[in-house]
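# Survey of secondary and tertiary structure
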Amino acid sequence: MSDTKGSKRSNTEEEDGSQDSKRLKMANGKTDEKYNPYLAHHYDDNDNSQNGFQSPLDQLQRHNTTAQQAAKLEDLDANPWTSQPHSQRYFGILKSRRDLPVHKQRQEFLDMYHSSQILVFVGETGSGKTTQIPQYVLYDELPHQTGKLIACTQPRRVAAMSVAQRVANELDVELGQEVGYSIRFENRTGPKTMLKYMTDGQLLREAMHDHDMSRYSTIIIDEAHERTLATDILMALLKQIAERRKDLKIIVMSATLDAQKFQTYFFNAPLLAVPGRTFPVEIFYTPEPERDYVEASVRTVLQIHAAEPEGDILLFLTGEEEIEDACRRINLEVDDMIRESDAGPLKVYPLYGTLPPAQQQRIFDKAPEPFRKGGRPGRKCIIATNIAETSLTIDGIVYVVDPGFSKQKIYNPRSRVESLLVSPISKASAQQRAGRAGRTRPGKCFRLYTEKAFKGELIPQTYPEILRSNLANTVLELKKLGVEDLVHFDLMDPPAPETMMRALEELNYLACLDDDGELTKLGSLASEFPLDPALAVMLISSPEFYCSNEMLSITSLLSVPQIFVRPNNARKRADEMKMQFAHPDGDHLTLLNAYHAFKGAEQSGSDVKQWCHEHFLSARHLASADNVRTQLKRIMETHDIELISTPFQDKNYYTNIRRALLAGFFMQVAMREGSNSKTYKTVKDDQLVMIHPSTVVSSPYDWVVYNEFVLTTKQYVRTVTNIRPEWLLEIAPVYYDVDTFEKGEIKTALTRITEKIRRRQAIKGDR
DNA sequence: GAGCACTGC
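How each quantity is defined
Per-chain numbering applies: the sequence of each chain, read as written, is numbered from 1 onward. In the order they appear in the text, chains get letters beginning with A and ligands get numbers beginning with 1. Thresholds applied to this predicted model are a pLDDT of at least 70 for local features of residues and 80 or more for the giving and counting of side-chain atom pairs; totals over whole chains, interfaces and linings are not thresholded and use all residues. Side-chain numbers come from the whole structure's heavy atoms, not from hydrogens or water. UniProt positions are given in the numbering used here, feature names are shortened, and annotations may be inferred rather than shown by experiment. Exposure above 30% relative accessible area and the lack of any salt bridge qualify a residue for a patch; like charges then connect within 9 Å, and the nonpolar side chains Val, Leu, Ile, Met, Phe, Trp and Tyr within 5 Å. Exposure was quantified through the Shrake-Rupley algorithm and a 1.4 Å probe, taking into account, for residues, occlusion by the shown protein chains and nothing else. Salt bridge, as used here: a side-chain nitrogen of Lys or Arg that lies within 4 Å of a carboxyl oxygen of Asp or Glu. The convention is simple: Lys and Arg are positive, Asp and Glu are negative, and His and the chain ends are not counted. By convention, charge coordinates are those of NZ in Lys, CZ in Arg, CG in Asp, or CD in Glu. Strands are runs of DSSP state E lasting at least two residues, helices are runs of H or I lasting at least four, and both sets are numbered from the N terminus onward. The buried label applies to any residue whose accessible area, calculated with a 1.4 Å probe on protein chains only, is under 20% of its type's maximum; exposed applies above 50%, and partly exposed to all values in between. Axis lines are fitted to C-alpha atoms, over the contacting stretch for helices. Their N-to-C directions set the angle, which ranges from 0 to 180 degrees. With respect to orientation, any angle under 35 degrees is reported as roughly parallel, any angle over 145 as roughly antiparallel, any angle of 65 to 115 as roughly perpendicular, and every other angle as oblique. Take the far helix as the reference: if the near one is turned anticlockwise from it by less than a right angle, the crossing is left-handed, and if turned clockwise, right-handed. When checking whether two residues touch, look at their non-hydrogen atoms; a contact exists if any pair is within 4.5 Å. As a working rule, the residues Ala, Val, Leu, Ile, Met, Phe, Trp, Tyr, Cys and Pro are called nonpolar, Asp, Glu, Lys and Arg charged, and the rest polar, with Gly in that last group. Aromatic contacts are taken between Phe, Tyr and Trp rings whose centres are within 6.5 Å, Trp giving its six-membered ring; a plane angle under 30 degrees counts as stacked, one over 60 as edge-to-face, and the others as tilted. Only strands that DSSP links by at least two bridges are regarded as paired with each other. Neighbouring residues are identified by heavy atoms, a residue being near a molecule or strand if any of them is within 4 Å of it. N or O atoms closer than or at 3.5 Å make up a polar contact, with two conditions inside protein: a donor-capable atom paired with an acceptor-capable one, and, for residues adjacent in sequence, both atoms drawn from side chains.

An unreviewed UniProt entry annotates chain A as RNA helicase originating from Podospora didyma. In the Function (unreviewed entry) part of its UniProt record, chain A is described as follows: "Pre-mRNA processing factor involved in disassembly of spliceosomes after the release of mature mRNA." Here chain A is described in UniProt, under the heading Catalytic activity (unreviewed entry), as follows: "ATP + H2O = ADP + phosphate + H(+)".

Quick look at the structure:
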């Protein structure tokens with residue numbers, strides 16, 4: 001390698017000053033062969049490309065590249081992919097790339113890649129797999145010859161964006177040209193793109209219209225161990241496609257040692273393991289189980305601060321409330337410590353997903369300096385949710401405090417309710433958390449549970465998302481992806497049959513699937529929208545109710561986080577402001593009013609941020625609702641779904657909207673238990689619920705449609721709007737066929753209404 | 001009269 005470097009350097013020196021003429025010739029489309037010694041054997045060849053540019057890549061043979069050949073091309077003065085001279089920065093980056101653990105195994109990787117259609121790649125943190133493997137593939141797939149792309153999927157958008165930028169730098173190309181990324185709302189790829197980073201969900205979307213993923217020669221699934229819904233579906237789909245398309249190469253990359261499961265799943269694919277580059281982390285357990293883990297966490301953080309050498313602390317808790325509480329308690333105690341025992345300064349930062357980005361960024365602030373020169377070191381302590389386990393890495397963490405819990409989504413198919421529950425984490429999760437202490441130097445991890453509990457009670461892996469979710473959306477997606485036989489669709493962890501049945505049933509009621517389980521026209525259309533089926537059906541049906549513009553807004557508002565802000569220190573004022581937008585008939589209409597006011601403020605040229613602040617609305621979430629609205633609107637236009645409104649002066653303006661809600665949400669309706677009662681009973685499921693206190697509805701309506709069911713201290717329905725029961729019979733007659741109801745108040749009420757309607761029609765008929 | 005783990009299309 002040092003030889004190559006030497007020759008490269010002398011080359012650069014020789015050519016010094018001739019850069020401009022070189023560039024000119026390249027731009028003219030003529031090859032300066034003297035410039036590239038590797039083209040010597042091409043002298044007598046005819047031009048083999050349209051623009052007369054002969055590439056050093058021509059000496060590579062597809063699916064036969066050696067690590068040495070590729071490295072030689074990487075060492076050239078000119079970028080073989082663009083023919084532009086390499087920048088200064090390029091060679092610096094190249095050097096650091098070759099220090100990555102994965103570099104040593106490039107040939108081994110290529111050998112496997114050449115001999116197998118599917119391979120599993122295990123690399124721990126810091127191995128460089130996410131950035132390097134796709135580039136190794138690039139030099140072997142030679143996409144400029146085949147016109148096919150290499151895709152590398154990521155579970156999260158930021159990862160796709162930042163890795164693409166990094167790799168573009170490494171390849172010395174402009175982001176969006178040879179290397180790009182594609183995520184929802186943003187496609188930064190172009191005609192020249194050969195390597196594309198994308199979210200796994202985005203690839204699934206694409207696959208809906210290209211069942212064979214024919215644009216790609218290679219698909220790399222990264223972070224497969226996270227087992228997101230999209231990853232699981234993608235893997236099962238790729239397994240099928242691999243049989244049809246023998247030319248498609250698949251690489252599954254994972255960080256866990258659970259590689260065998262992936263290997264077995266993928267027809268015993270060969271495995272390549274690359275060591276990571278992390279520092280050892282010493283693990284400590286508590287001798288006895290802790291009763292109050294928040295209390296124990298606070299104590300542990302303070303002990304570390306008092307007794308351990310310099311280094312930042314990361315504490316894992318389960319949610320916003322717990323985190324803010326722990327922050328307060330630590331801050332309180334630390335002041336005493338500083339006064340009484342001359343401790344150094346400790347800065348505490350909360351970190352959770354709903355925190356505004358600017359506040360999230362603060363965790364990267366440097367730890368505070370000691371109070372005086374030579375004094376006890378200052379440090380920072382970050383108290384985070386699981387967000388710090390996967391999405392965000394913070395360098396400089398030396399101590400991790402792990403109480404062993406996180407909030408996890410669970411789904412109960414019987415009651416059709418998804419809820420969040422504080423649950424013990426898995427062994428894999430505990431290991432991941434501990435690893436956060438060893439990114440820059442050796443660290444320590446304090447587990448606030450016993451070693452016996454770790455070994456005997458924690459499950460090895462967190463249950464994959466697919467086992468914890470309502471699958472209505474997934475089933476619809478699969479149907480659109482051309483999966484005919486759901487029962488035999490080979491998922492890595494098949495969900496419970498009851499969950500599957502529930503999803504099929506729900507989609508059948510929504511008329512997205514017919515009685516044979518086949519995708520209907522409506523279902524096919526609904527799957528085009530990045531929405532839950534009920535929302536999609538509601539939106540598609542809305543022109544029938546003359547309010548598709550308004551439903552477009554409401555759908556968007558329901559797809560983003562809560563737009564009403566309610567700070568702890570200004571709850572009353574926030575509630576008053578919200579009441580300004582309140583519509584007596586319910587929360588959906590209130591959302592719409594707030595949105596219209598926001599758009600009004602925007603159009604009048606006000607400072608929107610300021611306006612939102614004054615009105616206790618989240619400018620960020622409103623902006624993102626607007627973004628979603630634009631995307632949904634475009635999909636509606638593409639499919640010729642009419643965009644119309646009832647005139648605002650028309651007395652049916654709001655009634656039409658309330659009726660339109662039912663076209664998608666007729667299964668989410670509740671009836672009041674008695675005329676003086678505050679409890680409601682959900683239709684068909686017979687769950688007893690209360691209306692969530694965040695509602696603007698004050699007069700207790702007898703019938704409401706609700707957006708979601710939440711299980712917290714009580715069972716609540718949230719975001720509710722008043723409806724009339726006769727609409728149910730009219731808009732969803734199949735679901736509201738009285739004969740299908742169990743005996744009870746709801747059946748009685750519906751029977752009465754049915755009769756009333758019949759009488760009324762009879763009278764009409766008589767006239 | 002209460003809350004919002006985290007993602008993604």
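There is more to say, and it comes next.
Further remarks concern a positive patch on the surface. Taken together, Lys756, Arg759, Arg760 and Lys764 make up a surface patch of like positive charges. Inspection of the secondary structure assignment puts Lys756 in helix α29 (residues 745-766). According to the relative accessible area criterion, Lys756 is partly exposed, its value standing at 39%.

Axis angle and axis distance: for two packed helices, these are the angle between their axes and the distance between the axes, and together they describe the pair. Two numbers describe how helix α22 (residues 548-558) lies on helix α26 (residues 619-638): the axes approach to 8 Å, and their chain directions differ by 130 degrees. Viewed along their axes, α22 and α26 adopt a mutual orientation that is oblique. In the crossing of α22 with α26, the sense of the turn from one axis to the other is right-handed. Taken together, the residues of α26 that come into contact with α22 (itself represented by Ser548, Asn549, Leu552, Ser553, Thr555, Ser556 and Leu557) are Leu622, Ala625, Val628, Arg629, Leu632, Lys633 and Met636. When its residues are assigned to classes, the contact of α22 with α26 shows 7 nonpolar, 5 polar and 2 charged.

Let's shift gears to the packing of aromatic side chains. Inspection of every chain in the model, using the stated rule, returns 19 aromatic pairs. Aromatic pair Phe109 and Phe121: ring centres 6.2 Å apart, planes at 70 degrees, arrangement edge-to-face. Of this pair, Phe109 sits in helix α5 (residues 106-115) while Phe121 sits in strand β1 (residues 118-123); the two residues are 12 residues apart in sequence, bridging distant segments of the chain. Taken as a pair, Phe109 and Phe121 share a single burial class, namely buried. When the ring of Tyr653 is compared with that of Tyr654, the centres are 4.9 Å apart and the planes differ by 90 degrees; the resulting orientation is edge-to-face. Classification of Tyr653 as buried rests on a relative accessible area of 5%.

With that out of the way, let us pick up the sheet that holds strand β3 (residues 179-183). Across the sheet, 8 strands lie side by side as β4-β3-β5-β2-β6-β7-β1-β8; this open sheet has mixed pairing. Of all strands in the sheet, those bounded by a partner on one side alone are β4 (186-188) and β8 (271-274). Each adjacent strand pair in this sheet contributes to an overall mean axis angle of 20 degrees, direction not counted. Pairing of strand β6 (residues 216-221) with strand β7 (residues 249-254), which is carried by 4 bridges, proceeds in the parallel orientation. Across the sheet, the residue bridging to Thr218 is Lys249, located in β7. Against the sheet, helix α6 (residues 129-141) engages β1, β2 (149-154), β5 (195-199), β6 and β7, with an angle of about 165 degrees to β7.

Attention now moves to the protein's contact with DNA strand B. By nearness alone, 35 residues border DNA strand B, and Arg157, Gly353, Lys407, Arg566 and Thr712 come closest of all. Contact between DNA strand B and Arg157: a phosphate oxygen at 2.5 Å from a main-chain N or O atom of the residue. At 3.2 Å, a backbone N or O of Pro530 approaches a base nitrogen of DNA strand B. If you list the elements that add at least two residues to the surface near DNA strand B, you get α9 (200-207), β14 (405-412), α23 (571-581) and β21 (715-722).

The next subject is the side chain of Thr131. With respect to the secondary-structure elements, Thr131 resides in helix α6. Polar side-chain contacts of Thr131 include one of 3.2 Å to the backbone oxygen of Gly128. Setting aside residues no more than four positions away along its own chain, Thr131 makes contact with Val163, Arg166, Val167, Glu170 and Tyr197.

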